[in-house]
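Architecture and fold: a report
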4 protein chains.
Amino acid sequence: MRLIFLGDVVGRSGREVVLSRLPGLIDTLEADFVIVNGENAAGGFGITEAIYDDLTDAGADVVTTGNHVWDQREALVFIERTPNLLRPVNFPAGTPGRGAGLFEARNGARVMVVNVMGLVFMPALDDPFGALERQIEACPLGSGADAIVVDIHAEATSEKQAMGHFLDGRASLVVGTHTHVPTADHMVLPDGTAYMSDVGMCGDYDSIIGMNKDEPLNRFLTKIPSGRFEPALGEASLSGILVVTDDATGLATSIEPIRLGGRLSETFPRS
Amino acid sequence: MRLIFLGDVVGRSGREVVLSRLPGLIDTLEADFVIVNGENAAGGFGITEAIYDDLTDAGADVVTTGNHVWDQREALVFIERTPNLLRPVNFPAGTPGRGAGLFEARNGARVMVVNVMGLVFMPALDDPFGALERQIEACPLGSGADAIVVDIHAEATSEKQAMGHFLDGRASLVVGTHTHVPTADHMVLPDGTAYMSDVGMCGDYDSIIGMNKDEPLNRFLTKIPSGRFEPALGEASLSGILVVTDDATGLATSIEPIRLGGRLSETFPRS
Amino acid sequence: MRLIFLGDVVGRSGREVVLSRLPGLIDTLEADFVIVNGENAAGGFGITEAIYDDLTDAGADVVTTGNHVWDQREALVFIERTPNLLRPVNFPAGTPGRGAGLFEARNGARVMVVNVMGLVFMPALDDPFGALERQIEACPLGSGADAIVVDIHAEATSEKQAMGHFLDGRASLVVGTHTHVPTADHMVLPDGTAYMSDVGMCGDYDSIIGMNKDEPLNRFLTKIPSGRFEPALGEASLSGILVVTDDATGLATSIEPIRLGGRLSETFPRS
Amino acid sequence: MRLIFLGDVVGRSGREVVLSRLPGLIDTLEADFVIVNGENAAGGFGITEAIYDDLTDAGADVVTTGNHVWDQREALVFIERTPNLLRPVNFPAGTPGRGAGLFEARNGARVMVVNVMGLVFMPALDDPFGALERQIEACPLGSGADAIVVDIHAEATSEKQAMGHFLDGRASLVVGTHTHVPTADHMVLPDGTAYMSDVGMCGDYDSIIGMNKDEPLNRFLTKIPSGRFEPALGEASLSGILVVTDDATGLATSIEPIRLGGRLSETFPRS
Ligand SMILES: [Fe+2]
Ligand SMILES: [Fe+2]
Ligand SMILES: [Fe+2]
Ligand SMILES: [Fe+2]
Ligand SMILES: [Fe+2]
Ligand SMILES: [Fe+2]
Ligand SMILES: [Fe+2]
Ligand SMILES: [Fe+2]
């Protein structure tokens, strides 16, 4: 099957590039399943139900999140009625919403998606490795799911690569989010799991991680906040990947970057 | 002029790919100046004088470092007699060696190279923005140097991007090192500075940031160290960039990734 | 009942003051149960079986630890045959040893001791609050144990105070360790739990957290390691507390500091 | 001379205990100079000019701060006209206000006060050790000042102790603030500098570092913010020290804790 994963959508610019281009991408790339990380979709901070609806209307089957998941307080409520919106699975028991789900793709395949947060340089949550071990034991690739996708929302490349190797041969795709910069290390790991340290953001790259440069730069220089962080409003780049899996095994046969528009160098899958 | 920058060389595999391929690269790309980050060249930890000599023999004009600079204690001594080896400029006054220098390129041009460490999720050092302000004031692009290259050795994409925008129009290249993963956001910023969040490592990418996977994975899973970190010994990828600058202004006209060998997808400059 | 708790024993000086004075303290204070944090007992780093035996011979009923628990690798082995040695309970499942136990005091009472690590500014482990909730649910004060003592090995005062209030009325004592400095906030919380943010170390206070000042100071000043950390060898202070509980409820009626010898101002319980 | 130092005043409860008791304390203890850390005086976050005026009216000669200094934005303005309000000296050049000053005590003596922030587990600022070296070189004890007081606003006991030993014999007092818990390690260091790792807060100790327990506890348990932090409103403890110096040398002859009211055990200087 053919999976599209798009990185953290940041603010209005990010939403525009996703909403305008995702439907065409799904057609062109004959995608069976689409996952979008939406943790920064609402003004850079969190996600509203209206934006969630826009993303799913544009073709997202699942929307993942990260440390910003609760920045819009309404997410604590509407996540309960939107099973296709995931928050990191390693929040404590009792947290609203779910961190993993089994979803049906356009081609009828069952896709398990797990959203998890890393701990290195990140807020304290439960162990992400233990969480994934339990998820995959409960629903293994093959018997439980036709594809397994893990969005590891994390800072450190070491932790993301460790998760990739930990799940190599047991997941279809382990992909990082959170740094808002795409990496160039997309590869199929030795045992068949597609991997990329960070898929990058869908947003304006003439910015500091999607935000208007002024305030972040001011804080680095003066160490004194002088205003809010606001999303940069220039033309956004869409940043994502296409992963093709073997229907027999659920493992990956290819992973290719998608970068369209804005300031990133463009690239498009050949598969 | 034409500059090559290669990211953190990790262990023997990393050294082999650099030593074997750099001379040919310099020829093919008609490079005027070559910078290599060597902080992990000696078994993953620091750099020895013998390895420094090998890197310069292979064509490196300057070797930069980072948080691992002193892992081999001999570096505290031989850095004093090797002006082309830089340690981060924002160590305290009195630290052995230098953090910046003005060097002559093959074409006679004067290249200022500054090595600096970020502070976000990194050890405490002096302010990198203040340090660069002072360096560039003392030796501005044009009057003081024909090209200025900044190696910002840092974890967070936000801090690296902030440095890029802070120096945009005042440096030829701001390039990140330290995460050991190349990013795909190479671009010329609006005012003419070439930028890339991380140039990646020269090392074996079937690894955890260049290290044999076993011990890092063990630590993530058990939280108990059970051995040393050892470099991975598989075939390495060379990961770097080619930056072309305008001789009149010292600003960049292009930045293109170089990725050769090993598990990374290969790419080669067209300029 | 009457409980003594002594803070992190650091190196030879720390052991000497504990071994020489604990037996007399137990007599004088008519202590029913003694807990000693031993994570730095072996040269400042970890604990050996010989040292563990010395501490229990001197009267310790339970030895707790913290982030340094595995610094002496033999601890991974002998902890399995020494049920009175605890490591933090929030290590992953499968970690050698135990993080909690039910022990019999000299007066026949059952004392549950839990050793847990905080997460703020500390290595990533499982959630300490969830861990304590489970422990106390399984063995509540009154029906399950006559006294419950929690050693929260943590950096931040906020997290330690949060644990105190979280368990107020459900534990006999919540006491912090790890900062190696005694606090002066010993108090019985509103619902009857004795609390102190940090009990301090048993070690030489003419030092930097028990270590010879030279190398820590060198690192703060130069940012370059130039040697090992070695315990300070001057006269140690013993630093601990006496907690008296109501036999009917298991809750605390008093908590008083004990500080003897060395450079700390001396103080002794009046209860 | 006789110096009083009071720790972080937190919210209305903290202000009340300071405003009501400081005038009497100054009389009783015959204090020549009074320093109060006011970084949390305004609702727990920062300081307003009205509150600053109240503190100086009650007898504070100097008000120091810390990481919360700019939480009330008006501080950026009024600090310029209030030389007796200090912000940490290791903010970047160009920061409003001053980090050190030379003040005249009631007895005519010149007191240099330096406010500095530590870097361990704290926001990135300039090196505190280098900053103090420069301050004390410019104004040494004896020739430049009759007493020197350093408020090191920091998290880690190691860094505070390192500063104490770094300045031992060169300052009258090195005292920590920020953790909001008084330590019991007040001592005169070997070369004559009075030292205490943390002087504690002036605030309600039935709290989490001075804040109403509910929201901090909620965040530790759920990892989801659900409201603002508000100061606890119960009866506050005043927490401070009295330091007596030798007029001939400016070095300390004694340091004694002051703890009055609220939930802390009370103690009062005998000197
Ligand atoms: Fe994000
Ligand atoms: Fe994020
Ligand atoms: Fe490196
Ligand atoms: Fe590094
Ligand atoms: Fe300790
Ligand atoms: Fe510890
Ligand atoms: Fe404070
Ligand atoms: Fe503070």
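Please read all numbers here as calculations on a predicted model, not as lab measurements.

As a further point, take the overall build of chain A. Within chain A one finds 6 helices and 11 strands. Against the 2.2 N^0.38 benchmark of 18 Å for 271 residues, chain A shows a C-alpha radius of gyration of 17 Å, consistent with a compact globule. Along the first, second and third principal axes, the C-alpha set of chain A runs to 55 × 40 × 35 Å. Burial status across chain A gives 67% buried among its 271 residues. Taking contacts inside chain A between residues at least 6 apart in sequence as the whole, the part at least 24 apart equals 62%. As presented, chain A carries roughly 8,600 Å² of accessible surface, and 49% of it is formed by carbon and sulfur atoms.

This paragraph deals with the relation of the copies chain B and chain A. It takes a turn of 180 degrees to lay chain B on chain A, together with a shift of 0.0 Å along the axis; the resulting RMSD is 0.0 Å. A rotation of that kind, with that shift, is consistent with a two-fold axis. Of the C-alpha atoms belonging to chain B, the one lying closest to the rotation axis is found on B:Thr183, 1.9 Å away. A share of 100% of interface residues in chain B that are also interface residues in chain A marks the association as one of identical surfaces.

Below, the discussion takes up the pattern of salt bridges. All names here are of chain B. Applying the stated rule across the entire model yields 28 salt bridges over all chains. The shortest N-O distance in the salt bridge between Asp 146 and Arg 110 comes to 3.1 Å. Pair noted here: Asp 146 is in the loop between helix 4 (128-138) and strand 6 (147-153) and Arg 110 is in strand 5 (residues 110-117), with a separation of 36 residues, a long-range link. Taking the relative accessible area as the measure of exposure, Asp 146 reaches 26% and is therefore partly exposed. Residue Arg 110 is classed as partly exposed on the basis of its relative accessible area of 30%.

Once that is clear, we can look at the UniProt feature "active site" (unreviewed entry) in chain A. All names here are of chain A. In the UniProt entry, the feature "active site" (unreviewed entry) is given for His 68. Note that His 68 resides in the loop between strand 3 (62-64) and helix 3 (75-78). Setting aside residues up to four positions removed in sequence, His 68 forms contacts with Glu 39, Asn 40, Phe 45 and Gly 46.

Moving on to the interface of chain B and chain A. With 39 residues of chain B at the interface, the matching set in chain A holds 39 residues. With both sides pooled, the region where chain B packs onto chain A buries about 3,400 Å², and carbon together with sulfur makes up 66% of that total. Of all residues in chain B, B:His165, B:Ala184 and B:Phe220 bury the most surface against chain A, accounting for 17% of the area lost on that side. Taken together, the links from chain B to chain A amount to 0 salt bridges. Counting every contact that joins chain B to chain A gives 12 residue pairs in polar contact (both at pLDDT 80 or more). Mapped by element, the contributors of at least two residues to the side of chain B that touches chain A are helix 5 (157-167), strand 8 (187-188) and helix 6 (214-222) of chain B.

Another aspect to go through is the pairing of strand 1 (residues 2-6) of chain D. Consecutive residues of a regular strand have side chains that alternate between opposite faces of the sheet. Residues and elements named next belong to chain D. Taking burial as the measure, the 5 residues of strand 1 include 5 buried ones, the bulk of the element. Judged by which residues are buried, strand 1 turns out to be covered on both faces: Arg 2, Ile 4 and Leu 6 on one side and Leu 3 and Phe 5 on the other are all buried. Across 5 bridges, the pairing between strand 1 and strand 10 (residues 238-245) is antiparallel. Counterpart to Leu 3 in the pairing with strand 10 is Val 243.

Another point: the coordination of the iron ion (ligand 1). Residue and element names in this part refer to chain A. Distances from the iron ion (ligand 1) to its protein donors, Asp 8 (OD), Glu 39 (OE), Asn 40 (OD1) and His 180 (NE2), fall at 2.1 to 2.2 Å. Taken in sequence order, the residues that donate to the iron ion (ligand 1) follow the motif D-x30-E-N-x139-H. The distance between the iron ion (ligand 1) and the iron ion (ligand 2) is 3.3 Å, with Glu 39 acting as a donor to both metals. Remark: Asn 40 occurs in the loop between strand 2 (33-37) and helix 2 (49-57) and Asp 8 occurs in the loop between strand 1 (2-6) and helix 1 (11-29); sequence separation between them is 32 residues. The exposure classification of Asp 8 matches that of Asn 40, with both residues buried.

This part covers the sheet that holds strand 4 (residues 100-104) of chain B. Residue and element names in this part refer to chain B. Pairing in this open sheet of 6 strands is mixed, and the strands run 4-5-6-7-9-8 from one edge to the other. The open sheet has two edge strands, strand 4 and strand 8, and neither has a second partner. Where strand 5 and strand 6 come together, 7 bridges link them in parallel fashion. Each bridged residue has a counterpart across the sheet, and for Met 117 the counterpart in strand 6 is His 153. Along the sheet, helix 4 contacts strand 4, strand 5 and strand 6; its crossing angle with strand 5, the most-contacted strand, is approximately 165 degrees.

What follows covers the packing of helix 4 (residues 128-138) of chain D against helix 5 (residues 157-167) of chain D. Residue and element names in this part refer to chain D. Running from amino to carboxyl end, helix 4 crosses helix 5 at an angle of 25 degrees, the nearest separation of the two axes being 11 Å. The orientation of helix 4 relative to helix 5 falls into the category roughly parallel. The chirality of how helix 4 crosses helix 5 is right-handed. In this structure, helix 4 contributes Pro 128, Phe 129, Leu 132, Glu 133 and Ile 136 to the contact, and helix 5 contributes Glu 159, Ala 162, Met 163, Phe 166 and Leu 167.

If you trace the backbone, B:Ser254 turns up in strand 11 (residues 252-260). With sequence-adjacent residues up to four places away left out, B:Ser254 is seen in contact with B:Val188, B:Leu242, B:Val243, B:Val244 and B:Ser271.

By the criterion of burial, helix 5 of chain D is predominantly enclosed, with 11 of the 11 residues buried. Regarding helix 5 of chain D, the residues found buried are D:Thr157, D:Ser158, D:Glu159, D:Lys160, D:Gln161, D:Ala162, D:Met163, D:Gly164, D:His165, D:Phe166 and D:Leu167. Of the surrounding secondary structure, the elements contacted by the buried residues of helix 5 of chain D are helix 6 (214-222) of chain C together with strand 5 (110-117), helix 4, strand 6 (147-153), strand 7 (173-177) and strand 9 (194-196) of chain D. Following helix 5 of chain D by one or two positions, D:Gly169 adopts a phi angle in the positive range, close to 90 degrees.

Residues and elements named next belong to chain A. Donor atoms from the polypeptide that bind the iron ion (ligand 2) are Glu 39 (OE), Asn 67 (OD1), His 153 (NE2) and His 178 (ND1), placed at 2.1 to 2.2 Å. Bound by 4 donor atoms, the iron ion (ligand 2) shows angles of 84 to 150 degrees at the metal and therefore irregular coordination geometry. Each donor residue of the iron ion (ligand 2) lies on one chain, and together they are spaced E-x27-N-x85-H-x24-H.

Right, let's get into the environment of A:Lys213. Along the chain, A:Lys213 falls in the loop between strand 9 (194-196) and helix 6 (214-222). In sequence terms A:Lys213 and A:Ala232 are 19 residues apart; their C-alpha atoms lie 7.5 Å from each other. Discounting chain neighbours no more than four positions away, the residues touching A:Lys213 are A:Asp206, A:Ser207, A:Ile208, B:His165 and B:Pro190. At 2.7 Å, the side chain of A:Lys213 forms a polar contact with the side chain of A:Asp206.

Residues and elements named next belong to chain A. The positions UniProt marks with the feature "binding site: Fe cation 1" (unreviewed entry) are Asp 8, Glu 39, Asn 40 and His 180. The greatest C-alpha distance among the residues just named is 11.3 Å, despite their covering 173 residues of sequence, which places them together in space. Leave out the neighbours within four places in its chain, and Asp 8 touches Asn 37, Glu 39, Asn 40, His 153, Thr 177, His 178, His 180, Gly 200, Met 201 and Cys 202. Looking at the element boundaries, Glu 39 is found in the loop between strand 2 and helix 2. Its relative accessible area of 1% is what places Glu 39 among the buried residues. When residues no more than four places from it in sequence are discounted, the contact partners of Glu 39 are Asp 8, Phe 45, Gly 46, Thr 64, Thr 65, Gly 66, Asn 67, His 68, Val 69, His 153, His 178 and His 180.

So, on to the interface of chain D and chain C. On the chain C side, the residues contacting the 39 residues of chain D number 39 residues. For the pair chain D and chain C, the summed buried area comes to about 3,400 Å², and 66% of that belongs to carbon and sulfur atoms. Here chain D is connected to chain C by 0 salt bridges. For the interface between chain D and chain C, the tally reads 12 residue pairs in polar contact (both at pLDDT 80 or more). Those elements giving two or more residues to the side of chain D that touches chain C turn out to be helix 5, strand 8 (187-188) and helix 6 (214-222) of chain D. When residues of the side of chain D that touches chain C are assigned to their parent elements, the largest contribution, 7 residues, is made by helix 5 of chain D.

Cut-off values and rules
Residues numbered from 1 in each chain as written. Chains lettered and ligands numbered in written order. Predicted model: local features only at pLDDT ≥ 70, side-chain atom pairs only at ≥ 80, totals over all residues. Heavy atoms only, no water. Helix = DSSP H or I, 4+ residues; strand = E, 2+ residues; numbered from the N terminus. Rg over C-alpha atoms; globule rule 2.2 N^0.38 Å. Buried < 20%, exposed > 50% of the residue type's maximum accessible area, 1.4 Å probe, protein only. Contact = heavy atoms within 4.5 Å. Areas by Shrake-Rupley, 256 points an atom, 1.4 Å probe, with all protein chains shown as cover. Least-squares fit on C-alpha atoms with pLDDT ≥ 70 in both. Salt bridge = Lys/Arg side-chain N within 4 Å of Asp/Glu carboxyl O. UniProt positions renumbered as here; feature names shortened; annotations may be inferred. Buried area = accessible area lost by both parts, 1.4 Å probe. Polar contact = N/O pair within 3.5 Å; in protein donor to acceptor, adjacent residues only side chain to side chain. Pairing = 2+ DSSP bridges. Donors = N, O, S within 2.8 Å, 3.2 Å for Na, K, Ca; no water. Axes fitted to C-alpha atoms, helices over the stretch in contact; angles between N-to-C directions. Parallel < 35°, antiparallel > 145°, perpendicular 65-115°, else oblique. Left-handed = near helix turned anticlockwise from the far one by under 90°. Tetrahedral: all angles 85-135°; square planar, octahedral: opposite > 155°, others 65-115°.

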